[in-house]
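Secondary and tertiary structure notes
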Amino acid sequence: MSAHPANALPLLERLPVALRDACTSWLPESWRWLANSLLSIVAIFVVFATLFALLTLAERKILGRVQNRPGPNRAPLPFLGIRTYGLAQPLADGIKMLTKEDIVPRGADRVLHFLAPVALLAFSILTFAVIPYGRALLPVELDAAVLYFFAAGAATELAIFMAGWASRNKYSLLAAMRALAQLISYELPLLLSIVPVVLVAGSLSTSEIVEQQGTWLFGVFPQWHVFTPWGFAGFLIFFVAALAESNRSPFDLPEAESELIAGHLTEYSGFKYALFFMAEYFGMCALSGMGVTLFLGGWQAPIPALAFIPSYGWFAAKLLALLFVFMWIRATFPRLRIDQLTRLAWKFLVPLALVNLFTAAFWVLSSGWAGPLAFARWLVAGTLVLGPFLVLGRRLSAGLGPRTYRYA
Amino acid sequence: MSLAFLLIAFLTVATAAVAMALRNLVRSALLLGASWAGVAAFYLWAGAEFLAFAQVLVYVGAISMVVLFAVLLTRPSRDEGAVSPASAGRLLPALIAGGSVLGVLVGAIVGSPLRTAAKPPLAFTVRELGLQLMGPHAASLVVVGALLTVALLGAVVIAAPGRPGDREDPR
C-alpha cells in the first residue's frame, strides 16, 4: 500500500503497513515493491472474500428477521456439532458449491459461458484498488482514481450480457437485454452524481477527496460532503444508481426470479454460480466503499474526540452500515418493472443530477459568504435541491395513483 | 519498441482482425470490446492514464453496450446473428469506403510532424489536462459536444415511432 510518511502515525494506525513491511523486509530492495503489491492484493482478496461469506449469512439472517422467520440456523460447526446461529452456513454453502456438478448446456457458447463469471469477478476485484481504506491504506495512488474506479466497474454488465447470451436460453437472453438497458440508463446518473464531488474537491484522487472532508465545523460537525445540500442530493442519486449498477433489489431485473426464473443465472451451476454471487457482493462492497469515500468522509472520524479509533475501523463501520442499508432495501421494496426502471433513470435521476451540478457550482462560487449570507447560501442551495425534486417527483407519478383494487 | 508495446499492438490488431472475420455479430462485438481495451492498454503504456481510463469507460463500457444492443434489437433470433457473406456486388463499395478511410488516416499520420527525439516524457496531471481542455481548447470541446448532441437527436428522430396517424410498417 502507498508509502505515506507513516512513522508519525499512532501504532494502531500504521499496524497493517508495519506488518506488511515486516513480512517483506528480508527481500532485496528491487523485489520489495512487487512483494508489497502482491501482499496488498492477497490482503484485499482475503478480507473481502471473508466479508462476502459473512455477508451472505448476514443477508439471509436480516431477510429472515424482516420476514419474521429465523433464517439459516441449522448448520453446525464441523466436528463440534455446535449450532451457533448458523455461523457455519457460509462454510456449508461453499462446500456445496464446490462439489456440485458444473453443467454447460449443449447449445451454449462454451467459451463465453466459461468466460462470463471469470470476467465479472475480475472486473469487480479491480475496483478495490483505488479505495482508501484508512489513513495509510490506499492500495494504488492514482491521479485519476475516481475515473479508474468507474472504468473498471463499467465492464461488469458486459460480463452479465456475456453470461446471458452465451447460455442460449430465452430467459437468459431477456436478462442480457435487461442488463444492457439497465446499464445504459443508470451509468449516467451514477457518473453525474459524482461530478459535483469532483467539482468541489477539484481532484479525481480518492485520497485527496477524503482529506478535504477532514475538518469540523465549530469543532463538532464533520464537513463531509453528505452534509451539504448538493452532497445530500448527490449521495441519494449515487445510492439509487449504485443499487441498479450492482443488480440489487429493487433493480434486480436481470435475474428477476419471478419473471425470468433466474435470468442470466439460469444455466449456471456449481462454482460458476457462486462466482456470480461473489461478484455481486464485491460490486456492492466496492460501490459502498466509493460512496463512503466520496460522500461520507471516507476514513474520517465523525467527531474529533473519537479520532483515536484507527481510521480503517471508521471506514469499516461506514461500509457495513451502507451494506446493511442495501439489505434493508432488498427486504423492503418490491421489484420495479423495466419501464418504471428506465423512466426513473431518464425522467427523474438524470435531470436531478444535472440540476445538482448547478447547485454544487453555486456552492463553490458562494464559498466566501459569511454571516447572514451563509444562511442565504443554505436556503438557495436547499431550494435548488428540493424544488426540482418535488416538481419532477410529481410529474413522474402523475396519473399513476392512487390505485383502486376492485377485486382484492 | 519494447516487448510490451509489441504485445499490446498484436493483441489489439489480432482481436480486431478476428472480429472482422467472424460471421457471428455478437462475438464480433465482444471482440471489438477487447480490441478497444487493447487501445486503452496502449494509452496506459504511453503514460496517458486519464485517456486510458476514459477509453475503457466510454468504449468498453458504453459503446460496446450500444453496439450489442443494436445487434440484438435488429436481429431478434439468435441464429440470424450469424450473417452470411455479402454478395460480390457489395464488395466494390466496401473497398472504396474502407480504402478512403485508410487513405485519410494514413495521410493524417504521415502528414503530422512526429517528434522522435529523446524528450523528457510529459507528465500531465489531470488538473493540467482539465485546464488545457477548458482554456485553449474550449472551443473544440464545445464543437464536439454540439456535434454529438446533434447526432444523438438524429438517432432519436430515426428510432422514434412515427406519429399516431402514420401507417405501421407492414412487416
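Rules of the game
Residues numbered from 1 in each chain as written. Chains lettered and ligands numbered in written order. Predicted model: local features only at pLDDT ≥ 70, side-chain atom pairs only at ≥ 80, totals over all residues. Helix = DSSP H or I, 4+ residues; strand = E, 2+ residues; numbered from the N terminus. Buried ≥ 20, exposed ≤ 12 C-beta atoms within 10 Å, placed from the backbone. Contact = placed C-beta atoms within 7 Å. pLDDT = per-residue confidence, 0-100. Nonpolar A, V, L, I, M, F, W, Y, C, P; charged D, E, K, R; others polar. Axes fitted to C-alpha atoms, helices over the stretch in contact; angles between N-to-C directions. Parallel < 35°, antiparallel > 145°, perpendicular 65-115°, else oblique. Left-handed = near helix turned anticlockwise from the far one by under 90°.

Turning our attention to the overall build of chain B. Tallying secondary structure elements over chain B gives six helices and zero strands in all. Listing each helix as α and each strand as β along chain B from the N terminus yields α-α-α-α-α-α. When the 171 residues of chain B are sorted by exposure, 18% land in the buried category. Relative to all contacts within chain B whose residues are 6 or more apart in sequence, the contacts with residues 24 or more apart total 55%.

So, about the confidence of the model for chain B. In low-pLDDT segments, the atomic positions of the prediction should not be examined closely. Put simply, chain B has an average pLDDT of 79, and 79% of its residues get 70 or more. Two numbers describe this predicted complex: its pTM, 0.83, and its ipTM, 0.74.

Next up on the list: the interface of chain A and chain B. In this complex, chain A contributes 20 residues to the contact, which on the side of chain B involves 20 residues. Only α5 (145–154), α6 (156–166) and α7 (170–201) of chain A provide two or more residues apiece to the side of chain A that touches chain B. Taken together, the residues of the side of chain A that touches chain B break down into 17 nonpolar, no polar and three charged.

The next subject is the packing of helix α4 (residues 110–126) of chain A against α6(A). All names here are of chain A. Between α4 and α6, whose axes approach to 8 Å, the crossing angle comes to 165°. The pairing of α4 with α6 is recorded here as roughly antiparallel in orientation. In this structure, α4 crosses over α6, and the sense of that crossing is left-handed. Here α4 contributes L112, H113, L115, A116, P117, A119, L120, F123 and S124 to the contact with α6, which in turn contributes T156, A159, I160, M162, A163, W165 and A166. Of the residues contributing to the contact of α4 with α6, the split by class is 13 nonpolar, three polar and no charged.

Right, let's get into the packing of helix α13 (residues 338–365) of chain A against helix α14 (residues 372–396) of chain A. All names here are of chain A. As a packed pair, α13 and α14 sit with axes 9 Å apart at the nearest point and diverge in direction by 170°. Between α13 and α14, the angle falls in the class roughly antiparallel. For the pair α13 and α14, the contacting residues are K347, F348, P351, L352, V355, F358, T359, F362 and W363 in the first and V380, A381, L384, V385, P388, F389, L392 and L396 in the second. Here the residues of the contact of α13 with α14 sort into 15 nonpolar, one polar and one charged.

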